[in-house]
Amino acid sequence: MDDFLKENYSLITSFVELFAAIVGVITYKSYKFTPVKYIIYFLVYAFFVDLIGGYPSYLKDIGYFHLIEGTLIESNYWWYTLFWWIGLSSFMFSVNYKIVKTVRLKQILKYGYYIYLLQVVLYITFKFENLFISNEFISISSLWIVILSIIIYFFETLASEKIVLFYKSMYFYFNATFFIWILIIIPLEFFELYYIEDDWDFVLLKWKIFLSLNIFLYITLSAALLFCKPKAQ
């Protein structure tokens with residue numbers, strides 16, 4: 001099982017992401033006049049981010065890794081920091097900012113996102129070299145703005161009549177699924193600070209958890225796109 005995971009982890013992840021992106025494209029017509037379309041954009045975006053982010057492995061497979069070996073982009077930390085973590089935070093903020101109606105909650109979310117962007121800019125400016133060797137700071141910073149976005153959505157939903165039909169809303173599944181995803185990711189992100197890269201037991205455990213989470217995330221969002229009603233959004 002472990003050998004199978006080593007050889008096929010990226011392939012399985014890409015397949016699940018591609019499936020969700022295809023479902024999003026197929027259902028786009030039903031949601032194009034609602035903010036759900038930004039969730040569909042995210043699914044397509046996530047697929048291409050992971051696809052391109054595997055460039056070190058692709059170059060090793062075709063014998064051209066020497067082109068980037070010893071350079072700043074030898075590792076793909078920078079790619080996932082900029083395009084996955086910052087991208088996820090921005091999509092989560094954008095979707096919930098559009099659907100939340102309470103002015104005060106929108107302001108909290110907006111200024112929280114501005115603070116997050118300031119953190120990111122300052123970190124990249126003063127710790128630029130860390131961008132290419134680690135992504136812990138930005139990933140953890142991104143998680144708090146994602147959590148803030150989710151909490152604000154749930155707070156407004158619980159305080160409004162929308163709670164009656166919450167199970168029909170794509171926004172509920174989007175936020176609830178990511179909330180579960182994040183609750184499991186946070187301990188991994190903190191613990192990863194202390195693991196050794198040669199510790200394959202931890203690496204394989206992390207891969208199993210990430211793979212299970214990604215399958216759960218993308219399959220749930222795909223099912224929600226197929227079965228939720230646009231008018232209930």
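Residues numbered from 1 in each chain as written. Predicted model: local features only at pLDDT ≥ 70, side-chain atom pairs only at ≥ 80, totals over all residues. Heavy atoms only, no water.

Enquirer: Describe the overall build of the protein chain, naming the residues involved and giving the relevant values.
Expert: Along the protein chain, the regular secondary structure elements total 8 helices and 0 strands. Ordered by position from the N terminus, the helices and strands of the protein chain form the series α-α-α-α-α-α-α-α. In terms of C-alpha radius of gyration, the protein chain reaches 19 Å, essentially the compact-globule figure of 17 Å for 233 residues. Viewed in the frame of its principal axes, the protein chain has a C-alpha envelope of about 55 × 40 × 30 Å. (Helix = DSSP H or I, 4+ residues; strand = E, 2+ residues; numbered from the N terminus. Rg over C-alpha atoms; globule rule 2.2 N^0.38 Å.)

Enquirer: Explain the side chain of Ser 169 to me, using residue names and the numbers behind them.
Expert: Along the chain, Ser 169 turns up in the loop between helix H6 (136–158) and helix H7 (170–191). Residue Ser 169 is classed as buried on the basis of its relative accessible area of 7%. Within the structure, the side chain of Ser 169 is placed 3.2 Å from the backbone nitrogen of Tyr 171, a separation counted as a polar contact. (Buried < 20%, exposed > 50% of the residue type's maximum accessible area, 1.4 Å probe, protein only. Polar contact = N/O pair within 3.5 Å; in protein donor to acceptor, adjacent residues only side chain to side chain.)

Enquirer: Tell me about the packing of aromatic side chains, and please be specific about residues and values.
Expert: Enumeration over the complete set of coordinates arrives at 24 aromatic pairs. An aromatic cluster of three or more residues is present, and its members are Phe 42, Tyr 45, Trp 84, Trp 85, Phe 91, Phe 174, Phe 178 and Trp 181. For the cation-ring pair, Lys 60 lies above Phe 65, with the distance from its terminal atom to the ring centre recorded as 5.0 Å. Above the ring of Tyr 97, the side-chain terminus of Lys 106 is found at 3.9 Å from the ring centroid. (Phe/Tyr/Trp six-rings, centres within 6.5 Å; stacked < 30°, edge-to-face > 60°. Lys NZ or Arg CZ within 6 Å of the ring centre and 35° of its normal.)

Enquirer: Explain the nonpolar core residue by residue, including any values.
Expert: Counting 66 residues, the largest nonpolar core has Trp 84, Phe 178 and Trp 181 as the members making the most contacts within it. Elements that contribute at least two residues to this core include exactly helix H1 (2–31), helix H2 (36–53), helix H3 (55–61), helix H4 (77–99), helix H5 (103–126), H6, H7 and helix H8 (200–227). Sorting elements by how many residues they give to this core places H4 first, with 12 residues. Contact partners of Phe 178, with chain neighbours within four places excluded, come to Phe 42, Leu 88, Met 92, Ile 150, Leu 217 and Leu 221. (Core = buried A, V, L, I, M, F, W, Y, C linked by side-chain atoms within 4.5 Å. Contact = heavy atoms within 4.5 Å.)

Enquirer: Please provide a residue-by-residue account of the packing of H4 against H6, values included.
Expert: Packing of H4 against H6 brings their axes to within 9 Å, and their N-to-C directions diverge by 15°. Of the possible angle classes, the one that applies to H4 and H6 is roughly parallel. Regarding H4 and H6, the two cross each other, and that crossing is left-handed. Residues Thr 81, Trp 85, Ile 86, Leu 88, Ser 89, Met 92, Phe 93, Asn 96 and Ile 99 of H4 form the contact with H6, whose participating residues are Ile 138, Ser 139, Ser 142, Leu 143, Ile 145, Val 146, Ser 149, Ile 150, Tyr 153 and Glu 156. (Axes fitted to C-alpha atoms, helices over the stretch in contact; angles between N-to-C directions. Parallel < 35°, antiparallel > 145°, perpendicular 65-115°, else oblique. Left-handed = near helix turned anticlockwise from the far one by under 90°.)

Enquirer: For the confidence of the model for the protein chain, give the residues involved together with the corresponding values.
Expert: Overall, the prediction assigns the protein chain a mean pLDDT of 88, with 91% of residues at 70 or greater. When pLDDT is averaged over each element of the protein chain, H2 comes out on top at 96 and H1 at the bottom at 87. (pLDDT = per-residue confidence, 0-100.)

Enquirer: Explain the environment of Phe 42 to me, and be specific about the residues and the numbers.
Expert: Residue placement: Phe 42 occurs in helix H2. Taking the C-alpha atoms as reference points, Phe 42 and Phe 91, separated by 49 residues in sequence, lie 6.7 Å from one another. Filtering out sequence-adjacent residues up to four positions away, Phe 42 remains in contact with Trp 84, Leu 88, Phe 91 and Phe 178.

Enquirer: Just give me the short version of the packing of H5 against H6, but keep the residues and values in it.
Expert: Packed helix pairs are characterised by how far apart their axes lie and by the angle those axes make with each other. Running from amino to carboxyl end, H5 crosses H6 at an angle of 175°, the nearest separation of the two axes being 10 Å. One way to sum up the angle between H5 and H6 is to call them roughly antiparallel. Side by side, H5 and H6 meet where Leu 105, Ile 108, Leu 109, Gly 112, Tyr 113, Ile 115, Tyr 116, Gln 119, Val 120, Tyr 123 and Ile 124 of the first sit next to Phe 137, Ile 138, Ser 141, Ser 142, Trp 144, Ile 145, Leu 148, Ser 149, Ile 152, Phe 155 and Glu 156 of the second. Of the residues that constitute the contact of H5 with H6, the class distribution is 16 nonpolar, 5 polar and 1 charged. (Nonpolar A, V, L, I, M, F, W, Y, C, P; charged D, E, K, R; others polar.)

Enquirer: Help me get a handle on the environment of Tyr 173, residues and values and all.
Expert: Mapped onto the elements, Tyr 173 comes out in helix H7. We classify Tyr 173 as partly exposed; its relative accessible area is 25%. Put simply, Tyr 173 and Phe 132 are 41 residues apart on the chain and 34 Å apart in space, counted from C-alpha to C-alpha.

Enquirer: Could you give an account of the environment of Ser 134, with specific residues and numbers?
Expert: Its location among the elements puts Ser 134 in the loop between H5 and H6. Sequence separation between Ser 134 and Tyr 80 is 54 residues, and the spatial gap between their C-alpha atoms is 10.0 Å. If sequence neighbours within four positions are ignored, Ser 134 has contacts with Tyr 77 and Thr 81.

Enquirer: Pulling in residues and values, what's your account of the side chain of Glu 156?
Expert: Residue position: Glu 156 is located in helix H6. Judged by its relative accessible area of 7%, Glu 156 falls in the buried class. A polar contact of 2.8 Å, which involves the side chain of Glu 156, links it to the backbone nitrogen of Lys 101. Excluding anything up to four places from it in sequence, Glu 156 contacts Ile 99, Val 100, Lys 101, Thr 102, Leu 105 and Lys 162.

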